Amino acid sequence: MRIGAHISIAKSLSEAGRLTRTIGGDTFGFHTRNPRGSAARQIGAEEIADWRTMQHETGLGPLVGHLPYVINLATPKDGIREFGERVVGEDLKRCDAFGTYGIVLHPGHDTEGDRPAAMARIIAHLNGALQAAGQVSTLLLLETMAGQTGEVGATPAEIGALLEAVGHPAGLGVCLDSCHLFAAGYDMRSRAGIDAMLAEMDAAFGRDRIRAMHLNDSKFPQGSHKDRHEKLGQGELGRQGIAAVLQHPFLRELPFIIETPVDDHREYAGEIAVARELAG
Ligand SMILES: [Zn+2]
């Protein structure tokens, strides 16, 4: 199994690798750049070489990045959409340079209540970003959302429609989130519930598109459509739910990235330990 937490690469990739080893992770997640802003840290050749050496020695990976939350490819505001497309394209290239497996994107936010128009904008800008990125190995992963007001991507059908419209390119996949899926209405607390959800995903886009999973408990109940992460085993999914996710024969092959609320990234040692215990 590959379990890690979402930590900072602000100092360096190798620093994130060292922290990951300290907290018992096999891999890590990170923000591709400042989550609320546009500034991208320059990750130079020397830092990448250091990281490659460490990765070779430790086997850490596969790395799963996260694009800034401010990106909204669905908005009618041209400037914001163009900024988003540019950042997605740039970060695919930046993260490919140090061997990132995939970077996660929230599909978009429909602020007007006009879903077809929002979907059309997302599709156009996904195409633009993938084209701008060119030949990269890093995957762009659309995240399944909780379905808060206006959130696109809370149903497999909507994710499937996006994938289909851009022609199912090999570089485009899906990242699940146990909190979001549970909040969106799926019963993740049992094998049968997860199987039913995956069957729906098979019909919508095929489970082979699923490449990573954010592992989070949920502060709010099933179907609440509220995206509030909770520590593993301490939320509405509870120990039973987190165990069902980690022990599912399909899901357990995915890299798991924990994004639960902590005051300090070193606290993830406890979360990773809980995950390993519940994974059986
Ligand atoms: Zn996310």
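Rules and cut-offs
- Residues numbered from 1 in each chain as written.
- Predicted model: local features only at pLDDT ≥ 70, side-chain atom pairs only at ≥ 80, totals over all residues.
- Heavy atoms only, no water.
- Helix = DSSP H or I, 4+ residues; strand = E, 2+ residues; numbered from the N terminus.
- Rg over C-alpha atoms; globule rule 2.2 N^0.38 Å.
- Buried < 20%, exposed > 50% of the residue type's maximum accessible area, 1.4 Å probe, protein only.
- Contact = heavy atoms within 4.5 Å.
- Areas by Shrake-Rupley, 256 points an atom, 1.4 Å probe, with all protein chains shown as cover.
- Lys, Arg positive; Asp, Glu negative; His and termini not counted.
- Charge placed at Lys NZ, Arg CZ, Asp CG, Glu CD.
- Pairing = 2+ DSSP bridges.
- Axes fitted to C-alpha atoms, helices over the stretch in contact; angles between N-to-C directions.
- Donors = N, O, S within 2.8 Å, 3.2 Å for Na, K, Ca; no water.

### Some thoughts on the overall build of the protein
Logical step 1: Assigned secondary structure in the protein consists of nine helices and 12 strands.
Logical step 2: Computed over the C-alpha atoms, the radius of gyration of the protein is 18 Å, within 12% of the 19 Å expected from 2.2 N^0.38 for a compact globule of 280 residues.
Logical step 3: With the C-alpha coordinates of the protein rotated into their principal frame, the extents come out at 45 × 45 × 30 Å.
Logical step 4: The buried share among the 280 residues of the protein stands at 54%.
Logical step 5: The contacts of the protein with a sequence gap of at least 6 include a subset with a gap of at least 24, amounting to 76%.
Logical step 6: Carbon and sulfur atoms make up 48% of the accessible area of the protein, which totals about 11300 Å².
Logical step 7: Separation of charge centres in the protein, based on 28 positive and 36 negative side chains, amounts to 3 Å.

### A look at the sheet that holds strand S4 (residues 102–105)
Logical step 1: The strand order S1-S2-S3-S4-S6-S8-S9-S12 describes a closed barrel built from eight strands, whose pairing is parallel. Ignoring which end each strand starts from, the neighbouring axes of this sheet average 30° apart.
Logical step 2: Judged from the three bridges that link them, strand S3 (residues 64–66) and S4 form a sheet pairing that is parallel. Opposite Val64, over in S4, you have Gly102 as the bridge partner.
Logical step 3: Contacting strand S2 (27–31), S4 and strand S6 (139–143), helix H3 (residues 78–96) runs over the sheet at an angle of about 155° to S4.
Logical step 4: Lying over the sheet, helix H9 (residues 268–279) contacts strand S1 (2–6), strand S9 (210–215) and strand S12 (255–258), oriented at roughly 150° with respect to S1.

### Brief notes about the coordination of the zinc ion
Logical step 1: Protein-derived coordination of the zinc ion comes from His66 (NE2), His106 (NE2) and Glu143 (OE), at a distance range of 2.0 to 2.2 Å.
Logical step 2: Every donor residue of the zinc ion comes from the same chain, spaced as H-x39-H-x36-E. With His66 in strand S3 and Glu143 in strand S6, this residue pair connects regions lying 77 residues apart in the sequence.
Logical step 3: Residue His66 is classed as buried on the basis of its relative accessible area, which comes to 2%.

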